[in-house]
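# Reading the structure
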Amino acid sequence: PYNSLVFKAGGICTGLGKKPPPPPQNPPPHHPPPSAKNTPPPPKNESTNRRNFVKNLGFSPKEGASGIFEKKYKNHNNYVIEIDFEKEIFVYGDEIELEHKTAEKFKREENWVVLECVDRLLEKGYNTGNIILEKTWKAGHGNSGRLDILVKRDDGRSYLMIECKTWGTEFENASKKLEEDGGQLLSYYQQDKSTKYLCLYTSTIKDNSISYENSIIKTDESWNALNNKDDVFDFWNKNFKENGIFEEDVHPYDIKIKSLIRENLKKMGEDDSQRIFHQFATILRYNAVSDKPNAFNKLFNLFLCKILDEDRGPEEKVEFQWKEDDNSRSFLGRLQNLYKEGVERYLNIKMIDYDEDEFEIKGTLNRDEIIDLLTNSSIRNNPEFSFIEVYDKKSFAQNAQIVREVVELFQPYKIRYKEKHQFLGDFFELLLNTSMKQEAGQFFTPIPIVQFIISSFPIGGFILDKISKNKTNELLPFVIDYASGSGHFLTEVMNVLHEYILKINRDEDLSIMSESIKGKLTSWKTDSFSWAENYIYGIDADYRLVKQIFANDSFL
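Since the structure is predicted, the reported quantities are computational estimates derived from the model, not experimental observations. (Residues numbered from 1 in each chain as written. Predicted model: local features only at pLDDT ≥ 70, side-chain atom pairs only at ≥ 80, totals over all residues. Heavy atoms only, no water.)

### Quick look at the overall build of the protein chain
Counted only if it meets this: Every helix listed is a DSSP run of H or I at least four residues long, and every strand listed is a run of E at least two residues long, numbered separately from the N terminus. Here's how the labels work: a residue is buried when its accessible area is under 20% of the maximum for its type, exposed when over 50%, partly exposed in between, all with a 1.4 Å probe on protein chains only. It only takes one pair of heavy atoms within 4.5 Å for two residues to be counted as in contact. Under the convention used here, a 1.4 Å probe and the Shrake-Rupley method define accessible areas, while residue burial counts only the protein chains that appear.
Counting its regular elements, the protein chain contains 17 helices and 15 strands. Across the 556 residues of the protein chain, 51% fall into the buried class. In the protein chain, once contacts between residues fewer than 6 apart in sequence are set aside, the share between residues at least 24 apart is 70%. Carbon and sulfur atoms make up 48% of the accessible area of the protein chain, which amounts to about 26800 Å² in all.

Below, the structure written as structure tokens:
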């Protein structure tokens, strides 16, 4: 009776649980990089500390003057910035414009961050005449606030807006505010939509060297058509870039966001799951995507690409991302290749398609021209990522923009884990409850019922019985769900078996076991769920649900 367990509770057993909470009206707050926490702020009022700070920036006492430090920037014809400790002011020279006197005063702590950021901009090579401090825009009877640093292009258009905050609590609060409602930066962006980048910046002195952090937002041309800050905030995917402005290999006025590598992918947190779900719904709404079941199916196609893509070395660049030098063809072509390989690896389906490496032209035909023609046709007519119907160049471009927005929403996050990830599971619950309609003969079993059914089986006794009989190749029950749906029965029984394996390693006397069983249990403890391939089986006739299994249970 213990040779196999068959789970069936009628129809397709996706095991959906409680009704999900509605998406939040405002996305949860952003959590800044951990290194910005619990770290001393920049130097306070002690003159010695502040003098050490400016010395670290390369300032030195001015000859023939008392209490004044200066720095000459050789890459700007020896342009001079002075720091007057007696008057307690910063003197930025004639070319850097100050629209308000507050930018020059010591007593405003974030002005020390502004000084350090200006120094970094000048060292990077940004023109002194293109920098404005305390930029102010008129709005109604007052003004819209003052932007700490505006970097213009040579033609006068805005290029980069920087809001500076002191290290620690102030930077954290500004980050939270930015994710809650767009904060100050999105308000400033409304004043000049030619701006390409927005940056929240902080810095401090640690171990006699300057450390900085920045959260960068790359604006999008599509934002120009939006009416106000709230619309821009809704449209923005709430993801920050953390590099691209001040890195050594980046040139001024040529900000380049570095490609993501697998090691830098973030774990999805509790707040992230609902925020991302809410943002995905916003993308569909703003792009008038009316066929929601189709949209969610395309999303799972993209998840299949991402699961495959994360199976790479920690230092390798991931392909599931929009790259700085991408266009619609290169981007969608890369996704298409990932999907083709994912379907073949995970679903055992070989798609009828080709890639450029497989294609050979014989005779006198122009190989590049034919490949270009076929590639364009393949990408434009491929339905796997069609959130809307694609029938001409305009609809192709619109759909490519939707795919880009969805990919950029998910690209910073890791969805492949070695064990069940609660918050990722919560996210998929939201998706499944929203996207899958119960059709004739289909029943979605609530997770508490799934767990009750599994707990009714004497799994622990079965495993111990096999150990006592030295059944090395049959230590675990063979499990099959022949209408597996989205795989909740499979997931839950895997978690139960995993806990039993850990419990045996903790509580049982391994010395009485055979060496082969001890070795197997130890390897299973080290390499979680490596046993599942031999013991867990699922079957479903609906290919959409099969794809969801690999997305929802991405540790399989």
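### With respect to the nonpolar core
To keep things clear, this is the line we draw: Grouping buried Ala, Val, Leu, Ile, Met, Phe, Trp, Tyr and Cys residues that are joined through side-chain atoms within 4.5 Å yields what is termed a nonpolar core.
The biggest cluster of nonpolar side chains holds 42 residues, and the ones touching the most others in it are Phe280, Leu302, Leu335, Phe387, Val403, Val406 and Phe410. For this core, the elements supplying multiple residues, two or more each, are helix 6 (270-286), helix 7 (292-309), helix 8 (328-347) and helix 10 (393-410). No other element matches the 10 residues that helix 7 contributes to this core. If we skip the residues at most four places from it in the chain, Phe280 touches Ala295, Phe296, Leu299, Phe387, Val406 and Leu409. Grouped together as the second largest cluster of nonpolar side chains are 41 residues, Leu57, Phe106, Ile162 and Tyr201 included.

### Observations regarding the pattern of salt bridges
Heads up, the condition is: Salt-bridge detection follows one rule: a side-chain nitrogen of Lys or Arg within 4 Å of a carboxyl oxygen of Asp or Glu.
Counting across every chain of the model gives 29 salt bridges. A salt bridge links Glu344 to Lys350; the nearest nitrogen and oxygen atoms lie 3.7 Å apart. Classification of Glu344 as partly exposed rests on a relative accessible area of 36%. We classify Lys350 as exposed; its relative accessible area is 61%. A single salt-bridge network, built from bridges that share partners, covers Arg108, Glu110, Glu134 and Asp148.

### Remarks on the packing of aromatic side chains
Applied cut-off: Whether two aromatic rings pair depends on their centres lying within 6.5 Å, for rings of Phe, Tyr and Trp, where Trp uses its six-membered ring; planes under 30 degrees apart make the pair stacked, over 60 edge-to-face, and the rest tilted.
Inspection of the entire model under this criterion finds 27 aromatic pairs. Taken together, a centroid distance of 5.4 Å and an interplanar angle of 70 degrees make the contact between Trp236 and Phe240 edge-to-face. Judged by relative accessible area, Trp236 falls into the buried class, the value being 3%. Here Phe240 falls in the buried class, since its relative accessible area comes to 13%. Arranged with centres 5.8 Å apart and planes meeting at 70 degrees, the rings of Phe300 and Phe303 form a pair that is edge-to-face. Residue Phe300 and its partner Phe303 are both found in helix 7; the two are separated by 3 residues, about one turn of the helix. With respect to class, Phe300 is no different from Phe303; both count as buried. Three or more aromatic residues joined by ring pairs make a cluster, and in this case those are Phe53, Phe69, Phe85, Phe90, Tyr92, Phe106 and Trp112.

### Some words on the environment of Glu263
Mapped onto the elements of the fold, Glu263 is located in the loop between helix 5 (229-235) and strand 12 (266-267). Relative accessible area serves as the criterion here: at 47%, Glu263 is assigned to the partly exposed category. Residues Glu263 and Glu316, spaced 53 residues apart in sequence, show a C-alpha to C-alpha distance of 8.0 Å. Not counting the four nearest positions on each side in its chain, Glu263 is found in contact with Pro314 and Glu315.

### Topic: the pairing of strand 10 (residues 197-206)
Our working rule: Pairing between two strands is assigned when DSSP locates at least 2 bridges connecting them.
Taken across its 10 residues, strand 10 has 8 buried, putting it largely inside the fold. Joining the antiparallel neighbours strand 10 and strand 11 (residues 209-218) is a turn of 2 residues, in which Asp207 adopts a positive phi near 55 degrees.

### Focus: the environment of Ser203
Note the cut-off: Side-chain atoms alone can form a polar contact between residues adjacent in sequence; in general such a contact is a pair of N or O atoms within 3.5 Å, and within protein one must be able to donate a hydrogen while the other accepts it.
Mapping Ser203 onto the fold places it in strand 10. A relative accessible area of 1% means that Ser203 is categorised as buried. On a C-alpha basis, the gap between Ser203 and Trp112 in space is 8.9 Å, while along the polypeptide they are 91 residues apart. Polar contacts involving the side chain of Ser203 include one to the side chain of Glu116, which spans 3.0 Å.

### So, the pairing of strand 14 (residues 478-481)
Only one face of strand 14 is buried: it carries Val479 and Asp481, and the other face, with Phe478 and Ile480, is open. Two strands pair when backbone bridges link them, and strand 14 and strand 15 (residues 536-538) are joined in this way by 3 bridges, in the parallel orientation. Residue Ile480 lies in a different strand from strand 15, and its bridge partner there is Tyr537.

### So, unusual backbone geometry
A negative phi holds for most residues other than glycine; trans holds for most peptide bonds. For Asn78, which is not glycine, the phi dihedral falls at a positive 60 degrees. Of note, Asn78 is situated in the loop between strand 3 (68-73) and strand 4 (79-84). Residue Asn78 is classed as partly exposed on the basis of its relative accessible area, which comes to 44%. Its identity is not glycine, yet Ala288 carries a phi of approximately 55 degrees, on the positive side. One can find Ala288 in the loop between helix 6 and helix 7.

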